[in-house]
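Fold and geometry: a report
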Amino acid sequence: MTTTASQEAFLQAFHAEYPAVTAEALGTGRAPDGRSSYELLCDRVTGSTRVLDLGCGDGFLLELLARRAGRELAGVDLSADSLALARRRPALAEAKLEEGRAQELSFADDSFDACVSHMALMLMGEIEHVASEVARVLSPGGVLACVVGGGAVGGEAYERFLALLRAAIEEVPAAQRIPALGDSRARSREGLDDVLGPAGFTAVDWETVPIDLSGPVEQVWSAVSGLYDLGPLDRATVERLRRSFFAEVRDMTTPDGHVPCAFNIHLATARLR
Ligand SMILES: C[S@@+](CC[C@H](N)C(=O)[O-])C[C@H]1O[C@@H](n2cnc3c(N)ncnc32)[C@H](O)[C@@H]1O
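Residues numbered from 1 in each chain as written. Predicted model: local features only at pLDDT ≥ 70, side-chain atom pairs only at ≥ 80, totals over all residues. Heavy atoms only, no water.

**Notes on the site of the ligand**
Neighbouring the ligand are 22 residues, the closest being Tyr38, Gly55, Asp77, Ala102 and His118. In the model, a nitrogen atom of the ligand is placed 2.9 Å from a nitrogen or oxygen of the alanine 102 main chain. In this structure, an oxygen atom belonging to the ligand sits 2.6 Å away from a side-chain N or O atom of histidine 118. With the chains in place, 97% of the 590 Å² that the ligand exposes on its own is no longer accessible. Among the elements of the structure, α1 (3-17) and α2 (21-26) are those that each provide at least two residues to the shell around the ligand. The element best represented in the shell around the ligand is α1, accounting for 3 residues. The residue makeup of the shell around the ligand, split by class, is 11 nonpolar, 8 polar and 3 charged. (Near = heavy atom within 4 Å. Polar contact = N/O pair within 3.5 Å; in protein donor to acceptor, adjacent residues only side chain to side chain. Areas by Shrake-Rupley, 256 points an atom, 1.4 Å probe, with all protein chains shown as cover. Helix = DSSP H or I, 4+ residues; strand = E, 2+ residues; numbered from the N terminus. Nonpolar A, V, L, I, M, F, W, Y, C, P; charged D, E, K, R; others polar.)

Now the structure itself:
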């Protein structure tokens, strides 16, 4: 098995168990202006009619995009189980939802005005193939708009969770560690410029936005514990992690029971020349 194939097999197995985990964890998160990370992305393609979502998961973003009448929507994802949830959304009855790889799109040349991708591009191996496929299916002048993860904001619960998680992962056998996923160039403006420039895109417009996930400790735990790294951990390790997390955030819990939690996203946009 190639490295990319084993990464993709991991993602498929994970999402077979947790098909809607990202939207459940992040759908209620809010930027300082009150929009979710999904809404921020939607608003990057307001003028586009034909829109493809790369790594569409359970269709949460596509459903938001469908609120604008007259759109032709499509989504591609590795996970049959996530797509099954997307297909159940009445708003997506007309959308083309395909199981497949962003590196090998089944759509014809010039099929879309925009490609969007929420928390998925940074998981994709062979990213040059993704860039050339997106360039092929976009019409000239079309937009690629992505949200990629930007890590903890700092001084809040997610930062503490990551420290606990790192320590827990050091203790477990290698079989309980996830493979390195994707291409780190998708997580920086310079890296994305390196990948997208040769495929014919303009320089990337890059914005970093904090997304607030604060709430009662149970809710914050359920958001942070959706990370891929927890998938292969045995139950006892996850339970220990949960207990340590609850103890670790006690001193930052507000009198009304809220735990401050936030993470950064990068919102990247480039146009096909
Ligand atoms: C973190 S989830 C995000 C799902 C959805 N975009 C959301 O934000 O709710 C990443 C998704 O990307 C998909 N994915 C990862 N690599 C992919 C690839 N090479 N081609 C198609 N889908 C991929 C996964 O199967 C998964 O559903």
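Once the structure has been displayed, the description carries forward.
**Concerning the UniProt feature "domain: Methyltransferase type" (unreviewed entry) in the chain**
Per the UniProt entry, the sites bearing "domain: Methyltransferase type" (unreviewed entry) are residues 52-146 in this numbering. With 26% helix and 31% strand, residues 52-146 has end C-alpha atoms that lie 12 Å from one another. (UniProt positions renumbered as here; feature names shortened; annotations may be inferred.)

**Observations regarding helix α9 (residues 217-224)**
Here α9 has its buried residues at Val220, Trp221, Ala223 and Val224. The arc that holds the buried residues of α9, viewed along the axis, is 160°, so those residues lie on one side. (Buried < 20%, exposed > 50% of the residue type's maximum accessible area, 1.4 Å probe, protein only. Arc of directions from axis to C-beta.)

**A short note on the sheet that holds strand β9 (residues 262-271)**
The strand order across the open sheet formed by 7 strands is β3-β2-β1-β4-β5-β9-β6, and the pairing between neighbours is mixed. Two strands bound the open sheet, and with one partner strand each, they are β3 (96-99) and β6 (205-212). For this sheet, the mean inter-axis angle between neighbouring strands, taken without regard to orientation, is 20°. Here helix α5 (residues 80-87) sits on the sheet in contact with β2 (72-77) and β3, set at roughly 165° to β3. Set on the sheet, helix α6 (residues 127-137) makes contact with β1 (50-54), β4 (112-118) and β5 (138-152); between it and β5 the angle comes to about 145°. (Pairing = 2+ DSSP bridges. Axes fitted to C-alpha atoms, helices over the stretch in contact; angles between N-to-C directions. Contact = heavy atoms within 4.5 Å.)

**Focus on the layout of surface pockets**
Roughly 410 Å³ of volume is contained in the second largest pocket. Lining the second largest pocket are 21 residues, and of these Tyr18, Val21, Ser222, Ser225 and Gly226 lie nearest its centre. Of all the secondary-structure elements, those providing two or more residues to the lining of the second largest pocket are α1, α2 and α9. Per-class residue counts for the lining of the second largest pocket are 13 nonpolar, 6 polar and 2 charged. (1 Å grid on protein atoms, 1.4 Å probe; cavity = no way out; pocket = protein on both sides within 12 Å on 5 of 7 lines; lining within 4 Å. Points joined across faces, edges and corners; volume = space filled by probe spheres on them.)

**A short note on empty space enclosed by the protein**
Applying the stated rule across the entire model yields 1 cavity of 30 Å³ or more. Space inside the largest cavity adds up to approximately 40 Å³. As for the largest cavity, its lining consists of Leu54, Leu121, Ile127, Val130, Ala131, Val134, Leu144, Leu192, Val195 and Leu196. When residues of the lining of the largest cavity are traced back to their parent elements, those giving at least two are α6 and α8 (189-196). Here the lining of the largest cavity gets 4 residues from one element, more than from any other, and that element is α6. Its residues assigned to classes, the lining of the largest cavity comprises 10 nonpolar, no polar and no charged.

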